[in-house]
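What follows is each chain in one-letter form.
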Amino acid sequence: LGTGKEQKMTVTGGSALPKEDIDRMIREAEQHAEEDRRRREAAETRNQAEQLVYQTEKLIQDNADKIPGDARSETESALAELKEKLKGEDTAAIQQAMTRAAQAAQKIGTALYDRARAEQPAGGTAGSSAGGGKAGSAGEDDVVDAEIVDDDKPEAG
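All values reported here derive from a predicted model rather than from experimental measurement.

Asks: How would you explain the packing of helix α3 (residues 69-86) against helix α4 (residues 91-119) if you had to name every residue and give the values?
Replies: As a packed pair, α3 and α4 sit with axes 8 Å apart at the nearest point and diverge in direction by 160°. Accordingly, the angle class assigned to the pair α3 and α4 is roughly antiparallel. The interaxial crossing formed by α3 with α4 has left-handed handedness. From α3, Ala71, Glu74, Thr75, Ser77, Ala78, Leu79, Glu81, Leu82, Lys85 and Leu86 reach across to α4, where they touch Ala93, Ile94, Ala97, Met98, Arg100, Ala101, Ala104, Ala105, Lys107 and Ile108. Residues that form the contact of α3 with α4 fall into these classes: 13 nonpolar, 2 polar and 5 charged.

Asks: Please give an account of the confidence of the model for the protein that cites residues and values.
Replies: Chain-level pLDDT for the protein is 78 on average; 74% of the residues reach the 70-or-more range. Across the protein, helix α2 (residues 33-62) holds the top mean pLDDT of 92, while helix α5 (residues 124-156) sits lowest at 48.

Asks: Describe the nonpolar core, and please don't skip the residues or the numbers.
Replies: Ranked by internal contacts, the top residues of the largest apolar core, which has 17 residues, are Ala49, Leu82, Leu86, Ala101 and Ile108. Looking at this core, the elements that each hand over two or more residues are α2, α3 and α4. No other element matches α4, which puts 7 residues into this core. Beyond its immediate stretch of four places on either side in the chain, Ala49 contacts Leu82, Leu86, Ile94 and Met98.

Asks: For the environment of Thr56, give the residues involved together with the corresponding values.
Replies: Looking at the secondary structure, you find Thr56 in helix α2. Thr56 gets classed as buried once you look at its relative accessible area, which sits at 4%. Separated by 48 residues in sequence, Thr56 and Ala104 have C-alpha atoms that sit 9.6 Å apart. Excluding anything up to four places from it in sequence, Thr56 contacts Thr75, Leu79 and Ala105. Looking at Thr56, its side chain comes within polar contact range of the main-chain oxygen of Leu52, at 2.7 Å.

About the thresholds
Residues numbered from 1 in each chain as written. Predicted model: local features only at pLDDT ≥ 70, side-chain atom pairs only at ≥ 80, totals over all residues. Heavy atoms only, no water. Axes fitted to C-alpha atoms, helices over the stretch in contact; angles between N-to-C directions. Helix = DSSP H or I, 4+ residues; strand = E, 2+ residues; numbered from the N terminus. Parallel < 35°, antiparallel > 145°, perpendicular 65-115°, else oblique. Left-handed = near helix turned anticlockwise from the far one by under 90°. Contact = heavy atoms within 4.5 Å. Nonpolar A, V, L, I, M, F, W, Y, C, P; charged D, E, K, R; others polar. pLDDT = per-residue confidence, 0-100. Core = buried A, V, L, I, M, F, W, Y, C linked by side-chain atoms within 4.5 Å. Buried < 20%, exposed > 50% of the residue type's maximum accessible area, 1.4 Å probe, protein only. Polar contact = N/O pair within 3.5 Å; in protein donor to acceptor, adjacent residues only side chain to side chain.

This is the structure in structure tokens:
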């Protein structure tokens, strides 16, 4: 408005393609729908596998001194197998290797949690106070109820 200039855009309906071409393109899309679905599934599987490899390697690297040797060696061999399968194009083989690697990685997680539980009795009082903090957060929910009760008071008055 300040410059006095105006801009316009005109959207026109229709297409320069004849109806036969449009129908042909729709049929081709429907024919290739299954192939597209398989490609998408393969890409998603590959991405999940690569993410699992990355996260598990990072877990091993960050907790190297806390992981038992047997769980670590099993996981590393499963990851090596998965990396090898990722070099190929066989989605089913990638899924199987990914399942094996995930199960091996769960053993690492279980070992880490077991170790944390074993160390917890030494600091058991700290755990009790942490539990008390959680109970305090439940008490905060009661405050919300008190606000609702306060909202009822003006109605009664």
